[in-house]
Amino acid sequence: MAQNYSPIGIFDSGYGGLTIMREIVRKLPQYDYLYLGDNARAPYGNRSFELVYRFTLEAVTYLFNQGCELVILACNTASAKALRTIQQRNLPLLGPSKRVLGVIRPTVETIGSITKSGNIGVLGTAGTVASESYTLEAGKLYPNYKVFEQACPMWVPLVENREYDSDGADYFINKYITQLLAQSSDIDTVILACTHYPLLMDKIRRRMPDNVTLLEQGSIVANSLNDYLIRHPEIKQRISVSGNRQYLTTENPEKFNEMASIFMGDFIDAEHIEL
């Protein structure tokens, strides 16, 4: 790559972050992008805070070393368990001018203009729910809102095993949505707090009451990134703009390509790396 190659890094524990990247590329196609999926160690959802932090830091460091000035943690678990520590503890050493952003805050920021009841539902992995990151973030921005979180441990396996269109998926979609809505009859906004869940969207939407607004993170994060770059021209001017996209995985690249193409909606040719 050219010496001035400085892509936007996008990191996820596996494939799900590609649903974020797809919307970012649609919104901002001019920039270069470098996607890294740590598929060999996925899923992160049931791993400890310390392990998720360590794995995420390794990935962020790798992306910085490839020339990225800005890295998006397109992973709810990594955003919940690692983002703050990396921003506060590691960035001053890795590069004070570099930035790492997550997906939780921009998602929570949008709910204020959508909810009427102030009752918010969150559907996420066990790790994201256990972190209570959405409840904590909403508490800072909207202290009067109530947040109800529901873990959906079977949804990611359904997607990764390509069962997201199957009849069997209906059972687990009904189960977790029923459990969420049982927590409050006033929930009118539900955050899909895992980047795999857009592949289940048709079934989720059919099961969700008509008065509930579903929030997908891809377009939210893409709009937030666009706003961020407008507000931070010193970062924007350091990102290269040749429309190049690269994909890296810690797993078998052929296996990654096949599944990633479903998430991205486009052909993908990934390269294997070690972290």
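Now for a quick tour of the structure. (Residues numbered from 1 in each chain as written. Predicted model: local features only at pLDDT ≥ 70, side-chain atom pairs only at ≥ 80, totals over all residues. Heavy atoms only, no water.)

Concerning the overall build of the protein chain
Threshold: Labels follow the DSSP assignment, with helices taken as runs of H or I lasting at least four residues and strands as runs of E lasting at least two, numbered in each case from the N terminus. Both definitions apply: the radius of gyration is a C-alpha atom measure, and the globule rule equals 2.2 Å times residues to the power 0.38. For every residue, the accessible area obtained with a 1.4 Å probe (protein chains only) is divided by the maximum for its type, and the residue is called buried under 20%, exposed over 50%, and partly exposed between those limits. In this analysis, two residues are considered to be in contact whenever any of their non-hydrogen atoms come within 4.5 Å of each other. What sets the accessible areas is the Shrake-Rupley method with a 1.4 Å probe; for residues, cover comes only from the shown protein chains.
Each helix and strand counted, the protein chain has 13 helices and 10 strands in total. Expected size for 275 residues packed as a compact globule is a radius of gyration near 19 Å; at 18 Å, the protein chain falls within 12% of this value. Along the first, second and third principal axes, the C-alpha set of the protein chain runs to 55 × 40 × 35 Å. Residues counted as buried form 56% of the 275 residues belonging to the protein chain. Intrachain contacts of the protein chain at a sequence separation of at least 6 include 78% that bridge at least 24 residues. A total of about 12100 Å² of accessible surface is found on the protein chain, and carbon and sulfur atoms cover 48% of it.

Regarding the pattern of salt bridges
Rule in force here: Here a salt bridge means any side-chain nitrogen of Lys or Arg lying within 4 Å of a carboxyl oxygen belonging to Asp or Glu.
Applying the stated criterion across every chain, the model contains 14 salt bridges. One salt bridge connects glutamate 137 with lysine 140, and the closest N-O pair in it is separated by 3.6 Å. Placement of both glutamate 137 and lysine 140 in helix H7 (residues 133-141) is noted, with a separation of 3 residues, approximately one turn of the helix. Glutamate 137 gets classed as buried once you look at its relative accessible area, which sits at 8%. Salt bridges here are not isolated pairs; linked through shared partners, they connect Arg84, Arg105, Glu109, Glu137 and Lys140.

Some remarks on the pairing of strand S5 (residues 119-124)
For the record, the criterion: Two strands qualify as a pair provided that DSSP identifies no fewer than 2 bridges between them.
Counting buried residues along S5, 6 of its 6 residues qualify, which places the element largely inside the surrounding structure. Alternating residues of S5 divide into Asn119, Gly121 and Leu123 and Ile120, Val122 and Gly124, and every residue in both groups is buried. As judged from the 6 bridges shared by S5 and strand S6 (residues 146-151), these two strands associate in the parallel manner. Each residue of the ladder has a partner; that of leucine 123, found in S6, is glutamine 150. With 5 bridges joining them, S5 and strand S7 (residues 189-193) adopt parallel strand pairing. Bridging from a neighbouring strand, glycine 124 pairs with alanine 193 of S7.

Focus: helix H1 (residues 17-27)
In terms of burial, H1 is a largely internal element, 8 of the 11 residues being buried. Turning to H1, its buried residues number three or more, namely Gly17, Leu18, Thr19, Ile20, Met21, Glu23, Ile24 and Val25. Looking at the buried residues of H1, the elements they touch are strand S1 (8-12), strand S2 (33-37), helix H11 (217-231), strand S9 (245-249) and helix H13 (253-264).

A short note on the sheet that holds S7
Under the convention used in this document: Lines fitted to C-alpha atoms define the axes, with helix axes restricted to the stretch in contact, and inter-axis angles between N-to-C directions lie between 0 and 180 degrees.
Strand order across the open sheet formed by 4 strands is S6-S5-S7-S8, with parallel pairing between neighbours. Among the strands making up the open sheet, the edge pair consists of S6 and strand S8 (213-215). With direction set aside, neighbouring strand axes in the sheet form an average angle of 20 degrees. Both S7 and S8 contribute to a ladder of 3 bridges, which runs parallel. Within the sheet, the bridge partner assigned to valine 190 lies in S8 and is leucine 214. Running over the sheet, helix H9 (residues 167-181) touches S5, S6 and S7 and is turned about 155 degrees from S6.

Quick look at the packing of H1 against H13
Just so we agree on the cut-off: For classification purposes, an angle smaller than 35 degrees is called roughly parallel, one larger than 145 roughly antiparallel, one from 65 to 115 roughly perpendicular, and anything else oblique. Handedness of each helix crossing follows the sense of rotation of the near helix against the far helix: counterclockwise by less than a right angle gives left-handed, clockwise gives right-handed. Each residue receives one of three labels: charged for Asp, Glu, Lys and Arg, nonpolar for Ala, Val, Leu, Ile, Met, Phe, Trp, Tyr, Cys and Pro, and polar for the others, Gly being one of them.
For the pair H1 and H13, interaxial distance at closest approach is 8 Å and the crossing angle is 55 degrees. Here H1 lies oblique to H13, going by the angle between them. Note on packing geometry: the crossing formed by H1 with H13 is right-handed. Contacts between H1 and H13 involve Leu18, Thr19, Met21, Arg22 and Val25 on the former and, on the latter, Phe256, Ala260, Phe263 and Met264. In terms of residue class, the contact of H1 with H13 is made up of 7 nonpolar, 1 polar and 1 charged.

Let's talk about the packing of aromatic side chains
Heads up, the condition is: Side-chain rings of Phe, Tyr and Trp, where Trp is taken by its six-membered ring, are said to pair if the distance between their centres is within 6.5 Å; with planes under 30 degrees apart they count as stacked, over 60 as edge-to-face, and otherwise as tilted. The criterion for a charge sitting over a ring is simple: Lys NZ or Arg CZ within 6 Å of the ring centre, and within 35 degrees of the ring normal.
Going through the model one piece at a time under the given rule, you end up with 11 aromatic pairs. Ring centres 5.7 Å apart and planes at 15 degrees place the aromatic pair tyrosine 15 and phenylalanine 263 in the stacked group. Here tyrosine 15 is found in the loop between S1 and H1, whereas its partner phenylalanine 263 is found in helix H13, with 248 residues between them in sequence. Through a chain of ring-to-ring contacts, three or more aromatic side chains come together here, namely Tyr15, Tyr35, Tyr247, Phe256 and Phe263. Positioned above the aromatic ring of phenylalanine 55 is the side chain of arginine 41, whose terminal nitrogen or guanidinium carbon lies 3.7 Å from the ring centre.

Side note on the side chain of asparagine 257
Tracing the chain through its elements places asparagine 257 in helix H13. Non-local contacts of asparagine 257, meaning those with residues more than four positions away in its chain, are made with Ile268, Asp269 and Ala270.

Regarding the nonpolar core
Spelled out, the test is: Grouping buried Ala, Val, Leu, Ile, Met, Phe, Trp, Tyr and Cys residues that are joined through side-chain atoms within 4.5 Å yields what is termed a nonpolar core.
Grouped together as the largest cluster of nonpolar side chains are 72 residues, with contacts concentrated most on Leu18, Leu123, Trp155, Tyr197 and Ile204. Phe11, Leu34, Phe64 and Leu73 belong to the second largest nonpolar core, which has 25 residues in total.

These values are about where atoms sit, not about what they do.
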